[in-house]
Amino acid sequence: MMAMARRTALRRMALGVLAAGAITVAPLHAADKTTPAINRDTLVVALDKEIQSLDALVTASGDSQRYAMQIFDTLYGFDFKGNIVPRMADSHKISPDGLVYTFNLKPGIKFHNGDPFTSEDVKFSIERIIDPASKSTRRPFFASVVDSVETPNAQTVVVKLKKPDGVFMNKVAGFLFIAPKNYISKLANPEMFAQAPIGTGPYRVKENKIGQFLELERFDGFYGEKPGIKLLVFKYIPEPTSRVNAILAGEIDIAAMVPLADVERLKKDPALAVIVNPVSSPMHVRLYSNVPGTPLSKREVRQALNHAVDANAIIKGVFHGVGAPMGTFISRYFPYGADPDLKPYPYNPAKARELLKQAGYPNGFDIELNDAVGTPKEFAEAVAAYLGQVGVRVKINRIDYAAWSRLNNTHKSGPMTTTQFTNAIYDPIHPVGGSFSKDGTWSDYYNPEVEKLIGELDGITGAEQRGAAFRKIGRILHDDAAALLVTELFNVFAKKKDVNWEVQQGSGFLNFRKVSWQ
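Read on for a plain summary of the structure. (Residues numbered from 1 in each chain as written. Predicted model: local features only at pLDDT ≥ 70, side-chain atom pairs only at ≥ 80, totals over all residues. Heavy atoms only, no water.)

1. Considering the overall build of the protein chain
So, step 1. Summing up its helical and strand segments, the protein chain has 17 helices and 20 strands in all.
So, step 2. In terms of overall dimensions, the protein chain is globule-like: its C-alpha atoms have a radius of gyration of 23 Å, near the 24 Å expected for 518 residues.
So, step 3. Oriented by its inertia axes, the alpha-carbon framework of the protein chain measures out at about 75 × 60 × 40 Å.
So, step 4. Residues counted as buried form 57% of the 518 residues belonging to the protein chain.
So, step 5. A separation threshold of at least 6 residues defines the contact pool for the protein chain, and within that pool the share at least 24 residues apart is 70%.
So, step 6. With the model as given, the accessible surface of the protein chain reaches about 20,700 Å², and the carbon-plus-sulfur share is 53%. (Helix = DSSP H or I, 4+ residues; strand = E, 2+ residues; numbered from the N terminus. Rg over C-alpha atoms; globule rule 2.2 N^0.38 Å. Buried < 20%, exposed > 50% of the residue type's maximum accessible area, 1.4 Å probe, protein only. Contact = heavy atoms within 4.5 Å. Areas by Shrake-Rupley, 256 points an atom, 1.4 Å probe, with all protein chains shown as cover.)

As structure tokens, this is what we get:
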């Protein structure tokens, strides 16, 4: 018992404690960059933001992308390149009219608590997303199309749609994480699931210390291929310099969201490997343009803002050259939908001042810009400085990420906010529907032409046809200056070279299903 207690105490020391507002690390041994931070059964990953909620059916992608693929699973999922592959379903069939999806479930799958996975859990999960009371950020992607869910037997699910949905399988793969009906129904309230989740994924929650770390242990009852490590530890180290120092000292095994200023230095370290991963996401400023009577409701003003900002200079100065200007909200790293002929707004402050004058603001105006902690503060500062040069006086509100996320998910982050939109389902409907549809979770923009084209997409399948439709949408959003676009986003990771880990390509989701030590 004494030996077990000592091992537990040492492990807790290795995970770190929160002292004087900063995370400190005390490894089990004299850590270096060529050995594991704790041991070969454990992987320590430093994240830039803490995880606010472990309920992947409710929370926004920016939160769930850190843990969802580890704890939960889906009927179909994405492989590391974004291809749709079977997971908890053996197969599926779509009716000729595209309105009925029948899924055949794999037998013998269990939740982390030992409960069997059945069709009732699928039905429960879909209905929980659709229920307005759950406040799920996934609701807009399912509520408008799902009519009913039937369970003829324990291994069969029949989903009936109100109308065809050309990307329904992508939504299933990216958003429909399966939650246990029996377990949640016994909780005092459904919100408690976020603190103690149960899934069918390759890891289960071992310990969750708010503000410090999330520790996951390998679920040996997982039906699929099991990860090569037993313990996966997400440590929260919000200060970028501290994450870099931790990987250089060997105190962690992987550092996520490496500050771009340190990329070249880390690349020169022979003990480390640096991974630069495009996440199909625009780093941009969202404009609350659907509020009548405000400057942002005028297209000339939005166009002026785009002309006022030198995207190339920001990419070079703030993002240290790791980026690419965007002419359309639809990233070039999506499988389809981007239009290479759409060019970014050229930097032209004189044009910006003329447009402001045309819109009735010859002397500019005052406005606030909300900026979440975790986004480089220099980004908001640079945007504000450029806008100030054409008379738009910007007050920056730097907000804790958790507080900002609550505001953002309830349309209260305006009139302007810095933000990104990572690829969750490998189809542009995710960012377009979420940001520019009148019913989008984060949308504060409305354009009847865009709305019409989004509606038509429901009946369009195939990369070529969907790509053509999205290029039309991209053109309208570009000409209407629907957002202030600056750069493509790239996530940068630094890892010890002895860690075998394949990054989820073209997505912001973290995937540790295949990870091991050499």
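2. Regarding the sheet that holds strand β15 (residues 365–372)
So, step 1. The sheet built from 10 strands is open, its strands ordered β10-β11-β12-β3-β13-β18-β14-β17-β15-β16 with mixed pairing. One side of each edge strand has no neighbouring strand; the edge strands of this open sheet are β10 (203–209) and β16 (392–399).
So, step 2. Relative to β16, β15 runs parallel, the two being bridged by eight bridges. Note that in β16 the partner of Asp-371 across the bridge is Arg-398.
So, step 3. Strand contacts of helix α13 (residues 377–388): β14 (272–287), β15, β16, β17 (416–419) and β18 (483–496), with the helix running at about 165 degrees to β16, the strand carrying the most contacts. (Pairing = 2+ DSSP bridges. Axes fitted to C-alpha atoms, helices over the stretch in contact; angles between N-to-C directions.)

3. What to know about the nonpolar core
For soluble globular proteins, nonpolar side chains are generally found buried alongside one another.
So, step 1. Leu-43, Leu-75, Phe-103, Val-159 and Phe-512 are the most contacted members of the largest nonpolar core, which has 94 residues in total.
So, step 2. With residues near it in sequence (within four places) discarded, Leu-75 still touches Pro-86, Arg-87, Met-88, Ala-89, Phe-103, Leu-105, Phe-117, Val-122, Val-172, Leu-176 and Ile-178.
So, step 3. Judged by nonpolar contacts, the second largest core, of 55 residues, contains Ala-37, Leu-272, Ile-314 and Leu-369. (Core = buried A, V, L, I, M, F, W, Y, C linked by side-chain atoms within 4.5 Å.)

4. Considering unusual backbone geometry
So, step 1. With an omega dihedral of 10 degrees, the bond running from Gly-414 to Pro-415 counts as a cis peptide bond.
So, step 2. Locating Pro-415 in the fold gives a position in the loop between α14 (401–408) and β17.
So, step 3. A positive phi angle is found at His-411, which is not glycine, with a value near 60 degrees.
So, step 4. The residue His-411 is located in the loop between α14 and β17 in this model.
So, step 5. Assessed through its relative accessible area of 33%, His-411 is described here as partly exposed.

5. Let's talk about the packing of aromatic side chains
So, step 1. Considering all chains together, one arrives at 21 aromatic pairs under this definition.
So, step 2. Between Phe-72 and Phe-177 the ring centres are 6.3 Å apart and the planes differ by 55 degrees, which places this aromatic pair in the tilted class. Pair noted here: Phe-72 is in the loop between α3 (68–71) and β4 (76–78) and Phe-177 is in the loop between α6 (168–175) and α7 (181–185), with a separation of 105 residues, a long-range link. Residues Phe-72 and Phe-177 agree in their burial class; the two are buried.
So, step 3. Summarising the aromatic geometry, the rings of Trp-501 and Phe-512 are spaced 4.8 Å apart at their centres and angled 5 degrees between planes, so their arrangement reads as stacked. Taken together, the residues Trp-501 in strand β19 (residues 499–501) and Phe-512 in the loop between β19 and β20 (515–517) connect sequence positions 11 residues apart.
So, step 4. Under the relative-accessibility criterion, Trp-501 is labelled buried at 9%.
So, step 5. Through successive ring pairs, a cluster of aromatic residues spans Tyr-76, Tyr-101, Phe-103, Phe-142 and Phe-168.
So, step 6. In this arrangement the basic side chain of Lys-49 is found over the ring face of Tyr-401, its NZ or CZ atom lying 4.9 Å from the centre. (Phe/Tyr/Trp six-rings, centres within 6.5 Å; stacked < 30°, edge-to-face > 60°. Lys NZ or Arg CZ within 6 Å of the ring centre and 35° of its normal.)

6. Re the side chain of Asp-165
So, step 1. Relative to the elements of secondary structure, Asp-165 occurs in the loop between β9 (156–161) and α6.
So, step 2. Separated by 2.7 Å, the side chains of Asp-165 and Lys-171 make a polar contact. (Polar contact = N/O pair within 3.5 Å; in protein donor to acceptor, adjacent residues only side chain to side chain.)

7. Overview of helix α16 (residues 448–457)
So, step 1. Burial in α16 covers these residues: Val-450, Glu-451, Leu-453, Ile-454 and Leu-457. The arc that holds every buried residue of α16, seen down its axis, measures 165 degrees, which confines them to one face. Along α16, exposed side chains directed more than 90 degrees from the buried face belong to Pro-448, Glu-449 and Lys-452.
So, step 2. Near the N-terminus of α16, the side chain that reaches the backbone nitrogen of Glu-449, with its oxygen 2.9 Å away, is that of Asn-447. (Arc of directions from axis to C-beta.)

8. Quick word on the sheet that holds β9
So, step 1. On the basis of which strands lie adjacent, the open sheet formed by four strands has the order β6-β7-β9-β8 and antiparallel pairing. Edge strands, defined here as strands with exactly one partner in the open sheet, are β6 (89–94) and β8 (146–153). The sheet shows a mean angle of 20 degrees between the axes of neighbouring strands, taken without regard to direction.

9. Things to note about the pattern of salt bridges
So, step 1. In total, this model carries 25 salt bridges according to the counting rule given.
So, step 2. Lys-171 is the salt-bridge partner of Asp-165, the closest N and O atoms lying 2.7 Å from each other. Like Asp-165, the residue Lys-171 is buried in the burial classification.
So, step 3. Salt-bridge contacts for Lys-377 lead to Glu-378; the nearest nitrogen and oxygen are separated by 3.7 Å.
So, step 4. With a relative accessible area of 42%, Lys-377 lands in the partly exposed category.
So, step 5. The exposure class assigned to Glu-378 is partly exposed, which follows from its relative accessible area of 37%.
So, step 6. One network of salt bridges, in which partners are shared, links Asp-48, Lys-49 and Arg-66. (Salt bridge = Lys/Arg side-chain N within 4 Å of Asp/Glu carboxyl O.)

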